[in-house]
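# Chains, contacts and geometry: an overview
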Amino acid sequence: MGETHTARRARLAALVAERDAGALLVTRLVNVRYLTGLDSSRAALLVAADGGAVLATDGRYAGMAAEVCPELPLVVDRRVAAALLARAAEERRARLGFEAHDLTVEQHTALAEQAAGLDRPIELAPLGRPVEELRMVKDEEEIALLREACAITDRAFEAVLPEIRAGVTERAVAIALERAMVDFGAERPAFESIIASGPNGAVPHHHPGGRELQAGDLVTMDFGALYGGYHADMTRTAAIGEPAGWQRDLYDLVHRAQRAALEAAVPGADTKAVDAAAREIIKAAGHGEAFPHGLGHGVGLEIHEAPLMGYEETGKLMDRVPITAEPGVYLTGRGGVRIEDTFVVRADGPELLTTTTKDLLVL
């Protein structure tokens, strides 16, 4: 993906130039990976407005960096940000952008002192989140990785379904799903799996415990595979034994809400409007307060990334933006339903990456 990373850095350089900086110091590790391919625990990248770039990492990753991105000049130093600030001074950059959402106050103070003490002081300027802006729209290579992560997630769920029955604990279901995802090719689970049975289903982010699944339960299962650095995210709610009428009604409500959101998620749509498409259906059924979270979020190198899809979020969707749609209703003491898919916004309609049936499964 060397050419891909070069093209990404060129797009970032244009954004840096638009924001009147000589260069941007990229310190968020996930952003360094996006721009170089290097996956490490210590690295930073200097991207100049004129298109040049310099990578810094420590000795543990020097060999890997030379192999993954041989086109980049490499500085080997544990103090990666300070080393690149010194490089910016050598290149006579008068204004250096930085990722204010990543640097701690302590780190910024140290860099500011270093910048002020130079023979030609450098101005440090927060430039917003230009790398995240680029990451929001995925190229087809990224979408292919997401597609495979979701396919692994689907296959794992299908394989584990026979094990989901009364008497099995939430924790056992989580372990089985996570083992199956790895067996089918995942690097690891994309996040800590959520298995919420019976009344635990009223807690959106319930941690799976020792409760045994029981006949009459609704069981919400939220999980996903990590593949090639990209995160899948899927939720299905199933019934243990024949569901009661209120359970079917609740499931149908959430299913209708999700379908409305998928239909609304087109290029150019306001993120608030997509959230509202699902939320208004749930609200009209009298459960507005029982849907306390946003509709969904972007996915990619992180499990939660831009754009955020909520009733307080602003922004517009674009073509090739992968997001989730995960409406839910949570009834204290009774249980809940959430249905979630990862999909790609496309001009000709959403491309579903998670394809497991959304008919209510009765196990």
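A quick note: this is a predicted structure, and the numbers were derived from the prediction, not measured.

### Some remarks on the overall build of the protein chain
- Scanning the protein chain for helices and strands turns up 10 helices and 20 strands.
- Its C-alpha radius of gyration of 23 Å places the protein chain within 12% of the 21 Å reference for a compact globule of 363 residues.
- The C-alpha extent of the protein chain, read off along each of the three principal axes, is 75 × 40 × 40 Å.
- Here the protein chain, with 363 residues, has 53% of them falling under the buried criterion.
- Partitioning the contacts of the protein chain with sequence separation of at least 6, the portion at a separation of at least 24 is 66%.
- Carbon and sulfur atoms make up 52% of the accessible area of the protein chain, which amounts to about 15,200 Å² in all.
- Each charge class in the protein chain can be summarised by its mean position, and for the 38 positive and 55 negative side chains these summaries are 1 Å apart.

### Details of the UniProt feature "domain: Creatinase N-terminal" (unreviewed entry) in the protein chain
- UniProt feature "domain: Creatinase N-terminal" (unreviewed entry): in the numbering of this structure it lies at residues 8-137.
- Secondary structure across residues 8-137 comprises 43% helix and 20% strand; the distance between its end C-alpha atoms is 11 Å.

### A short note on helix α9 (residues 245-264)
- With 20 residues, α9 should reach 28 Å at 1.5 Å per residue; the first-to-last C-alpha distance of 29 Å fits that figure.
- Among the residues making up α9, those that are buried are Gln-247, Leu-250, Tyr-251, Leu-253, Val-254, His-255, Ala-257, Gln-258, Ala-260, Ala-261 and Leu-262.

### Describing the domain arrangement of the protein chain
- Domain annotation of the protein chain identifies domain 1 (1-135) and domain 2 (137-362).
- Of note, the centres of domain 1 and domain 2, computed from C-alpha atoms alone, are 35 Å apart.
- One can count five salt bridges joining domain 1 with domain 2.
- Arg-135 is paired through a salt bridge with Glu-305; the nearest N and O atoms lie 2.7 Å apart.
- Our count for the contact surface shared by domain 1 and domain 2 stands at seven residue pairs in polar contact (both at pLDDT 80 or more).
- Listing elements by their share of the side of domain 1 that touches domain 2, those giving two or more residues are α1 (2-18), α2 (29-36) and α6 (130-136).
- Looking at the side of domain 1 that touches domain 2, its residues break down into four nonpolar, one polar and five charged.

### Examining unusual backbone geometry
- Cis geometry is adopted by the peptide bond preceding Pro-307, which originates at Ala-306 and carries an omega value of 0 degrees.
- Its identity is not glycine, yet Asp-20 carries a phi of approximately 60 degrees, on the positive side.
- Tracing the sequence through the fold places Asp-20 in the loop between α1 and β1 (23-26).
- Using a relative accessible area of 60% as the deciding quantity, one classes Asp-20 as exposed.

### What about the UniProt feature "domain: Peptidase M24" (unreviewed entry) in the protein chain?
- Under the present numbering, the feature "domain: Peptidase M24" (unreviewed entry) in UniProt falls on residues 145-346.
- In this annotation, residues 145-346 is assigned 32% helix and 24% strand; the end-to-end C-alpha distance for the span is 17 Å.

### Here we look at the side chain of Arg-135
- Relative to the assigned elements, Arg-135 resides in helix α6.
- Taking the relative accessible area as the measure of exposure, Arg-135 reaches 3% and is therefore buried.
- A distance of 2.9 Å separates polar atoms of two side chains, one belonging to Arg-135 and the other to Glu-302.
- Residues within four places of Arg-135 in sequence aside, it is in contact with Arg-28, Val-30, Asn-31, Tyr-34, Leu-301, Glu-302 and Glu-305.

### Quick notes on the packing of α9 against helix α10 (residues 271-284)
- Across the interface, α9 lies against α10 with an axial gap of 8 Å and an inter-helix angle of 155 degrees. Between α9 and α10, the angle falls in the class roughly antiparallel. α10 is crossed by α9, and the crossing has right-handed handedness. Of the residues in α10, those in contact with Leu-253, Arg-256, Ala-257, Ala-260, Ala-261 and Ala-264 of α9 are Val-274, Ala-277, Ala-278, Ile-281 and Ile-282.
- Looking at the contact of α9 with α10, its residues break down into 10 nonpolar, no polar and one charged.

### Brief notes about the pattern of salt bridges
- Here the structure, examined in full by the defined rule, presents 28 salt bridges.
- A salt bridge links Lys-316 to Asp-270, with the shortest nitrogen-to-oxygen separation between them at 2.7 Å. Residue Lys-316 is found in the loop between β14 (305-309) and β15 (321-325), and its partner Asp-270 is found in the loop between α9 and α10; the two are separated by 46 residues along the sequence.
- Taken together, the shared-partner salt bridges in this structure form one network comprising Arg-28, Glu-132, Arg-135, Lys-138, Glu-302 and Glu-305.

Rules used throughout
- Residues numbered from 1 in each chain as written.
- Predicted model: local features only at pLDDT ≥ 70, side-chain atom pairs only at ≥ 80, totals over all residues.
- Heavy atoms only, no water.
- Helix = DSSP H or I, 4+ residues; strand = E, 2+ residues; numbered from the N terminus.
- Rg over C-alpha atoms; globule rule 2.2 N^0.38 Å.
- Buried < 20%, exposed > 50% of the residue type's maximum accessible area, 1.4 Å probe, protein only.
- Contact = heavy atoms within 4.5 Å.
- Areas by Shrake-Rupley, 256 points an atom, 1.4 Å probe, with all protein chains shown as cover.
- Lys, Arg positive; Asp, Glu negative; His and termini not counted.
- Charge placed at Lys NZ, Arg CZ, Asp CG, Glu CD.
- UniProt positions renumbered as here; feature names shortened; annotations may be inferred.
- Expected span 1.5 Å × (residues − 1).
- Domains from an automatic or database assignment.
- Salt bridge = Lys/Arg side-chain N within 4 Å of Asp/Glu carboxyl O.
- Polar contact = N/O pair within 3.5 Å; in protein donor to acceptor, adjacent residues only side chain to side chain.
- Nonpolar A, V, L, I, M, F, W, Y, C, P; charged D, E, K, R; others polar.
- Axes fitted to C-alpha atoms, helices over the stretch in contact; angles between N-to-C directions.
- Parallel < 35°, antiparallel > 145°, perpendicular 65-115°, else oblique.
- Left-handed = near helix turned anticlockwise from the far one by under 90°.

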